[in-house]
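Below are the chains, spelled out letter by letter.
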There are 2 protein chains.
Amino acid sequence: MSPHEDFQTRRKHLMRTVQDAMDVLNGKWKIAIIASLCCFTKRRFSDILNDVVGISNRMLSKELKELEINQVIKRSVLNTQPVTVHYELTEHGKTLQPLIEGLADWGVIHHKQIVGT
Amino acid sequence: MSPHEDFQTRRKHLMRTVQDAMDVLNGKWKIAIIASLCCFTKRRFSDILNDVVGISNRMLSKELKELEINQVIKRSVLNTQPVTVHYELTEHGKTLQPLIEGLADWGVIHHKQIVGT
DNA sequence: CAGTATCCCCTCCGATACTG
DNA sequence: CAGTATCGGAGGGGATACTG
């Protein structure tokens, strides 16, 4: 295989697997929601609503459902009065933590790059 | 500082810096475009158009501009006939490579998780 | 508290056509 | 080849009100 073909093959594979990941993390809010669940294991609906600046309850509800379907988060209902609901990362979801941290680190780097120190 | 406050502080910081990163990588296409530039340093407009499945030239043009403004990619015009344009990651943009790789790795993990090996 | 339901705007984005 | 211009539709997403 020529070096050129090698690059092509690597790129195609990279593009496809990155896309697989982005299919789960798509939309405006998913990453932020996951970040909210990264520290401190359990959060309630209204906690996340506060963490993620600007999100509406409608959107939060929708995004949480999608993340649950993709087995990234787990929803558990406690039979208190009124009902309490806990959200947390699943074991699978926790494999995203390094990525979120990496993103946060890059956010810092980028801020320095743009603002200058 | 109590452990609880510590968590709060860490989360706030995490959320903010993750947001800084996502401000640059927002929209449907940025990550895929950067992935296309990760292997093989230079790509032409039409190359990226082919790499990123589904994107239109309109969107590609728009997203490339934003990435250039954020100093993630560099655009260079070669005075051939007709004009050739090369896009490549800047030094700053290259600091995103580990993240893209991480995303790709997670894509593989997730695919296994959902499909089952 | 943890959501649903409804309404509606407006932006994102695709399709098509055109230019240097 | 590397874009820009224009149009139009779909749906993302906000605001508000309501429910168990």
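These numbers were taken from a predicted model, which means no experiment stands behind them.

As for the pattern of salt bridges
Link 1 in the chain: Taken as a whole and judged by the stated rule, the model has 14 salt bridges over all chains.
Link 2 in the chain: Of the charged contacts, one joins Glu63 of chain A and Lys30 of chain A as a salt bridge, the two residues approaching to 3.4 Å between their closest N and O atoms. Of the two residues, Glu63 of chain A is situated in helix 4 (residues 57–69) and Lys30 of chain A in helix 2 (residues 30–36); the sequence distance between them amounts to 33 residues.
Link 3 in the chain: Overlapping salt bridges bring together Arg11 of chain A together with Arg43 and Asp51 of chain B as one network.

Description of the interface of chain B and chain A
Link 1 in the chain: Tallying the contact residues gives 45 residues for chain B and 45 residues for chain A.
Link 2 in the chain: Summed over both sides, the interface between chain B and chain A buries roughly 4,100 Å², with carbon and sulfur atoms accounting for 73% of that surface.
Link 3 in the chain: Contact with chain A buries area across many residues of chain B, yet Arg11, His92 and Trp106 of chain B alone supply 17% of it, more than any other trio.
Link 4 in the chain: Seen at the junction of chain B and chain A, the total is two salt bridges.
Link 5 in the chain: A salt bridge links Asp51 of chain A to Arg11 of chain B; the shortest N-O distance between them is 3.8 Å.
Link 6 in the chain: Here chain B and chain A share ten residue pairs in polar contact (both at pLDDT 80 or more) between them.
Link 7 in the chain: Looking at the side of chain B that touches chain A, the element that brings in the most residues is helix 1 (residues 3–25) of chain B, giving 15 residues.
Link 8 in the chain: Residue composition of the side of chain B that touches chain A, by class: 25 nonpolar, 14 polar and six charged.

As for the relation of the copies chain B and chain A
Link 1 in the chain: Relative to chain A, chain B is turned by 180° and slid 0.0 Å along the rotation axis, the superposed coordinates differing by an RMSD of 0.1 Å. The operation mapping one copy onto its partner corresponds to a two-fold rotation axis. Relative to the rotation axis, the closest C-alpha in chain B is found at Leu99 of chain B, a distance of 3.4 Å.
Link 2 in the chain: Both copies contact each other with a shared surface, as 100% of the interface residues of chain B are interface residues in chain A too.

Some thoughts on unusual backbone geometry
All names here are of chain A.
Link 1 in the chain: That bond from Gln81 to Pro82 is cis: its omega, -5°, falls within 30 degrees of zero.
Link 2 in the chain: Here Pro82 is to be found in the loop between strand 2 (73–78) and strand 3 (84–89).
Link 3 in the chain: Even without glycine at this site, Gln71 takes up a positive phi of about 60°.
Link 4 in the chain: Positionally, Gln71 belongs in the loop between helix 4 and strand 2.

Considerations on the protein's contact with DNA strand D
Link 1 in the chain: Taken together, 20 residues surround DNA strand D, and among them Arg58 of chain A together with Ser46, Ser61, Arg75 and Tyr87 of chain B come closest.
Link 2 in the chain: The protein-proximal atoms of DNA strand D, defined as those within 4 Å of the protein, are 56% sugar or phosphate.
Link 3 in the chain: Take Ser56 of chain A: an N or O atom from its side chain is 3.3 Å from a phosphate oxygen of DNA strand D.
Link 4 in the chain: At 2.6 Å, a side-chain N or O of Tyr87 of chain B approaches a phosphate oxygen of DNA strand D.
Link 5 in the chain: Broken down by secondary-structure element, the contributors of at least two residues to the surface near DNA strand D are helix 4 of chain A together with helix 3 (45–51), helix 4 (57–69) and strand 3 (84–89) of chain B.
Link 6 in the chain: Here the surface near DNA strand D takes four residues from helix 4 of chain B, the largest share from any one element.

Regarding the UniProt feature "domain: HTH hxlR-type" (unreviewed entry) in chain A
Link 1 in the chain: Here the UniProt-annotated "domain: HTH hxlR-type" (unreviewed entry) positions come out as residues 16–115 of chain A.
Link 2 in the chain: Each end of residues 16–115 of chain A is marked by a C-alpha atom, and these two atoms are 34 Å apart; helix forms 60% of the span and strand 14%.

Some remarks on the sheet that holds strand 1 (residues 43–44) of chain A
Residues and elements named next belong to chain A.
Link 1 in the chain: Here three strands make up an open sheet; going across it, the order is 1-3-2 and the pairing antiparallel. If you trace the sheet from one side to the other, it starts and ends with strand 1 and strand 2, each paired once.
Link 2 in the chain: Relative to strand 3, strand 2 runs antiparallel, the two sharing six bridges. Of the residues in strand 3, the one forming a bridge with Ser76 is His86.

Considerations on the environment of Glu68 of chain A
Link 1 in the chain: Mapped onto the fold, Glu68 of chain A is located in helix 4.
Link 2 in the chain: Residues Glu68 of chain A and Val83 of chain A lie 15 residues apart in sequence; the distance between their C-alpha atoms is 19 Å.

Structural notes on the protein's contact with DNA strand C
Link 1 in the chain: In the region of DNA strand C, 20 residues are neighbours, and Ser46, Ser61, Arg75 and Tyr87 of chain A together with Arg58 of chain B sit closest.
Link 2 in the chain: Considering the 4 Å shell around the protein, atoms of DNA strand C inside it are sugar or phosphate in 61% of instances.
Link 3 in the chain: The side chain of Tyr87 of chain A places a nitrogen or oxygen atom 2.6 Å from a phosphate oxygen of DNA strand C.
Link 4 in the chain: A distance of 3.5 Å separates a phosphate oxygen of DNA strand C from a polar side-chain atom of Ser56 of chain B.
Link 5 in the chain: Contributing elements (two or more residues each) for the surface near DNA strand C: helix 3 (45–51), helix 4 and strand 3 of chain A together with helix 4 of chain B.
Link 6 in the chain: Top contributing element to the surface near DNA strand C by residue count: helix 4 of chain A, with four residues.
Link 7 in the chain: For the surface near DNA strand C, a count of residues per class yields seven nonpolar, seven polar and six charged.

Here is what the cut-offs are and how they apply
Residues numbered from 1 in each chain as written. Chains lettered and ligands numbered in written order. Predicted model: local features only at pLDDT ≥ 70, side-chain atom pairs only at ≥ 80, totals over all residues. Heavy atoms only, no water. Salt bridge = Lys/Arg side-chain N within 4 Å of Asp/Glu carboxyl O. Helix = DSSP H or I, 4+ residues; strand = E, 2+ residues; numbered from the N terminus. Contact = heavy atoms within 4.5 Å. Buried area = accessible area lost by both parts, 1.4 Å probe. Polar contact = N/O pair within 3.5 Å; in protein donor to acceptor, adjacent residues only side chain to side chain. Nonpolar A, V, L, I, M, F, W, Y, C, P; charged D, E, K, R; others polar. Least-squares fit on C-alpha atoms with pLDDT ≥ 70 in both. Near = heavy atom within 4 Å. UniProt positions renumbered as here; feature names shortened; annotations may be inferred. Pairing = 2+ DSSP bridges.

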